[in-house]
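Notes for the structure review
For reference, the chains in residue letters:
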Amino acid sequence: TLHSTDNQLRVKAGISGTMNVSATYALDVSFTMFRDMLLFMNDTVGAGNYFVPVYDDGNLLKVHGEVNYPINRQLTLSLLGNYYGYDLSGQEYAWHKPVWDGTVKTGYNLRNKIIASAELTLLGERYARVKEPDEIIRLPFHPNLNLGAEYRYTPQISFWLKCNNISYNRYFEWNYYPSRNFMILGGITYSL
C-alpha cells in the first residue's frame, strides 16, 4: 500500500485583483513542509516497465501567477505560470515533476454563437530515475498546442470540436510512457 503525504506545514500568501472592469490578475507564493512525499521511479527489470514508489521528506516553494485580459469584446487572453522549487532530503530531484509550467490561452466569442479557443501549454524540464541500471534521465521542455471550436445552434444544442497536440510531437510526460499524438475529438451537447 502507498503512504499518504503528510503536509506538516503549509503557508500561502498572495494578491489578486482587477486592472479594469474585466481584467484580473493573481500572484501567490506558498511554502509547504512535507514528510513522505510520493514520487515514482521506473523499474525496467523483469517483464515490462513499472513505476516503483519512492518517498522523501523536504519542502516545496511554489510561485503562481496569472493574468486574464480582454483584448476586446470578443477576444480574451489568459497567461498562467507556476514555478516549483523542491528541496528534498534524500532524492536528487522530484522525479517526473516539472520545474515550471505555463499556459497561454486565447478565446474568441462571436455573439455567443461561435466560440473558438487556442491554448499553448508549456511543460518544463523534468527528471526521471530508472532503478536498474541506476540512471537519471532528463525529460526536456515541451510545448503543446490545442485548438477548440463550438457552434451553438440553439441555446440547448451545440456542436463542438477539439484538436489536441497540433504539433504532432511525441513527448514523454512520464519516462517511457509517450503522451498521445495528434487527436481530434468532436461531439454534440444537448441541455434541457
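Before going into details, it helps to say that this report is about the structure given with it. (Residues numbered from 1 in each chain as written. Predicted model: local features only at pLDDT ≥ 70, side-chain atom pairs only at ≥ 80, totals over all residues. Heavy atoms only, no water.)

Thoughts on the overall build of the chain
Keep this limit in mind: A run of H or I in DSSP counts as a helix once it spans at least four residues, and a run of E counts as a strand once it spans at least two, with each numbered from the N terminus. Radius of gyration: C-alpha atoms only; globule rule: 2.2 Å multiplied by the number of residues to the exponent 0.38. Between buried and exposed lies partly exposed: a residue is buried under 20% and exposed over 50% of the maximum accessible area for its type, with that area taken using a 1.4 Å probe on protein chains only. Note on contacts: a residue pair is in contact if any heavy atoms of the two residues lie within 4.5 Å. Calculation of accessible area relied on Shrake-Rupley with a 1.4 Å probe; when residues are assessed, cover is drawn exclusively from the protein chains displayed.
Each helix and strand counted, the chain has zero helices and 13 strands in total. Written out in order from the N terminus, the α and β elements of the chain read β-β-β-β-β-β-β-β-β-β-β-β-β. Over its C-alpha trace the chain gives a radius of gyration of 21 Å, far above what one expects of a compact globule, namely 16 Å for 192 residues. Evaluated residue by residue, the chain yields a buried proportion of 25% over its 192 residues. Counting contacts in the chain only where the partners sit at least 6 residues apart, residues at least 24 apart contribute 51% of the total. When the accessible surface of the chain is totalled, it reaches about 12,200 Å², and 58% of it is carbon and sulfur.

Concerning the pattern of salt bridges
Side chains that differ in charge, positive against negative, can pair when their charged atoms come close. Using the following cut-off: When a carboxyl oxygen of Asp or Glu lies within 4 Å of a side-chain nitrogen of Lys or Arg, that pair is called a salt bridge.
The full count for this structure, using the stated rule, is three salt bridges. Glu-150 is the salt-bridge partner of Arg-152, the closest N and O atoms lying 3.4 Å from each other.

Let's talk about the packing of aromatic side chains
To be explicit about the condition: Note on aromatic pairs: the rings of Phe, Tyr and Trp (six-membered ring only in Trp) are paired at centre separations within 6.5 Å, and the planes decide the class, stacked below 30 degrees, edge-to-face beyond 60, tilted for the rest. Any Lys NZ or Arg CZ that is within 6 Å of a ring centre and within 35 degrees of that ring's normal is treated as a charge sitting over the ring.
Counted by the stated rule, this structure contains eight aromatic pairs. For the ring pair Phe-40 and Trp-174, a centre distance of 6.1 Å and an interplane angle of 65° mean the geometry is edge-to-face. Of this pair, Phe-40 sits in strand E2 (residues 24-43) while Trp-174 sits in strand E11 (residues 172-174), and the two are 134 residues apart along the sequence. The class for Phe-40 is partly exposed, based on a relative accessible area of 23%. Relative to Tyr-153, the ring of Tyr-151 lies with its centre 6.4 Å away and its plane at 55°, an arrangement referred to as tilted. One aromatic cluster is present, formed by Phe-40, Phe-51 and Trp-174 through successive ring pairs. The aromatic ring of Trp-160 is capped on one face by Lys-162, whose charged end is 5.7 Å from the ring centroid.

A word on the side chain of Asn-144
Among the structural elements, Asn-144 can be located in strand E9 (residues 142-152). For Asn-144, the residues in contact, after removing those within four places along its chain, are Glu-119, Leu-120, Thr-121, Asn-165, Ile-166 and Tyr-171.

Digging into the environment of Ser-4
Among the structural elements, Ser-4 can be located in the segment before strand E1 (6-18). Its relative accessible area of 62% is what places Ser-4 among the exposed residues.

A word on the environment of Glu-173
Its location among the elements puts Glu-173 in strand E11. Of the residues examined, Glu-173 reaches a relative accessible area of 36% and is grouped as partly exposed. Taking the C-alpha atoms as reference, Glu-173 lies 28 Å from Glu-150; in sequence the two are 23 residues apart. Apart from residues lying up to four places away in sequence, Glu-173 is in contact with His-96, Leu-123, Arg-126, Leu-139 and Ser-179.

Observations regarding unusual backbone geometry
Excluding glycine, residues mostly have negative phi values, and the peptide bonds linking residues are mostly trans. Here Asp-36, not a glycine, exhibits a phi torsion of approximately 55°, which is positive. Looking at the secondary structure, you find Asp-36 in strand E2. By relative accessible area, Asp-36 is classed as partly exposed at 27%.

Some points on the environment of Tyr-69
Locating Tyr-69 in the fold gives a position in strand E3 (residues 50-70). Residue Tyr-69 is classed as partly exposed on the basis of its relative accessible area of 40%. Sequence-wise, Tyr-69 and Phe-51 are 18 residues apart; in three dimensions their C-alpha atoms are separated by 41 Å. In this view, Tyr-69 contacts Asn-20, Ala-23, Thr-76 and Leu-77; residues no more than four positions away in its chain are not counted.

Re a nonpolar patch on the surface
What counts, and what does not: Residues enter a patch when their relative accessible area is above 30% and they make no salt bridge; the linking distance is 9 Å between like charges and 5 Å between nonpolar side chains (Val, Leu, Ile, Met, Phe, Trp, Tyr).
A surface patch of nonpolar side chains, about 970 Å² in accessible area, is lined by Ile-15, Met-19, Tyr-25, Leu-27, Val-67, Tyr-69, Ile-71, Leu-79, Val-104, Leu-120, Leu-145 and Leu-147. Among the secondary structure elements, those contributing two or more residues to the nonpolar patch are E2, E3 and E9. By the element assignment, Val-67 lies in strand E3. Note on Val-67: relative accessible area 31%, which makes it partly exposed.

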